[in-house]
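Descriptive structure summary
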Amino acid sequence: MQIGNDIGKVKKDIEGLVGQHVVLKCNAGKRRTTVSKGMLESAYPNVFVFKDNETSCGKSYSYIDLLTKRVEFLAEGEKATSDFIIED
């Protein structure tokens with residue numbers, strides 16, 4: 001999903017995707033990334049909540065994480081691009 005550089009636009013985009021299944025890739029630093037499949041559970045003024053399918057746990061992320069590309073995701077039905085590479 002293409003994320004703009006405006007926090008207001010990012011919030012609106014996320015709010016429109018609540019309830020949809022996504023693949024979320026999180027950069028944990030020092031070349032560590034985690035990839036999880038789940039659903040965008042809810043959106044709040046400062047964070048959004050992702051519910052992991054495997055653990056059934058909710059994880060919250062800031063909208064700033066999307067802007068800084070610490071967190072990236074593909075919405076259901078989207079095809080991976082060269083910007084979203086899942087490394088094994």
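**Topic: the packing of aromatic side chains**
For the structure shown, the criterion picks out two aromatic pairs. Seen in terms of ring centroids, Phe48 and Tyr61 are 6.0 Å apart; in terms of plane orientation they differ by 35 degrees. Their pairing is tilted. One end of the pair, Phe48, is in strand S3 (residues 47-52); the other, Tyr61, is in strand S4 (residues 58-62), with 13 residues separating them in the sequence. Like Tyr61, Phe48 is buried. Among the aromatic side chains, those forming a connected cluster through ring pairs are Phe48, Tyr61 and Tyr63.

**Some remarks on the pattern of salt bridges**
Applying the stated rule across the entire model yields four salt bridges. Where Glu72 meets Lys25, a salt bridge forms, and the shortest distance between an N and an O atom there is 4.0 Å. Placement of Glu72 in strand S5 (residues 71-75) and of Lys25 in strand S1 (residues 21-29) is noted, with a sequence separation of 47 residues between them. Close ionic contact of Lys59 with Asp52 constitutes a salt bridge, the shortest N to O distance being 3.7 Å. Overall, the relative accessible area of 29% leaves Lys59 in the partly exposed class.

**Some details on unusual backbone geometry**
Its identity as a non-glycine residue notwithstanding, Lys30 has a phi of 50 degrees, on the positive side. Tracing the chain through its elements places Lys30 in the loop between S1 and strand S2 (32-43). One non-glycine residue, Lys69, adopts positive backbone phi at about 65 degrees. The class of Lys69 is exposed, set by a relative accessible area of 54%.

Criteria and cut-off values
Every chain begins its residue count from 1, and numbering advances along the sequence as written. A pLDDT threshold of at least 70 governs which residues receive local features in this predicted model, and a stricter bar of 80 or more applies before side-chain atom pairs are shown or counted, although totals over entire chains, interfaces and linings include all residues. Side-chain figures throughout are based on the complete set of non-hydrogen atoms in the structure, without hydrogens or water. Centre distance within 6.5 Å is the pairing criterion for rings of Phe, Tyr and Trp, where only the six-membered ring of Trp is used; planes under 30 degrees apart are then read as stacked, over 60 as edge-to-face, and the remainder as tilted. In this text, helices come from DSSP runs of H or I with a minimum length of four residues, and strands from runs of E with a minimum of two, each type numbered from the N-terminal end. For every residue, the accessible area (1.4 Å probe, protein chains only) is compared with the maximum for its type, and the residue is labelled buried under 20%, exposed over 50%, or partly exposed between those bounds. We define a salt bridge as a contact between a side-chain nitrogen of Lys or Arg and a carboxyl oxygen of Asp or Glu at a distance within 4 Å.

Read these as spatial facts, not as claims about activity.
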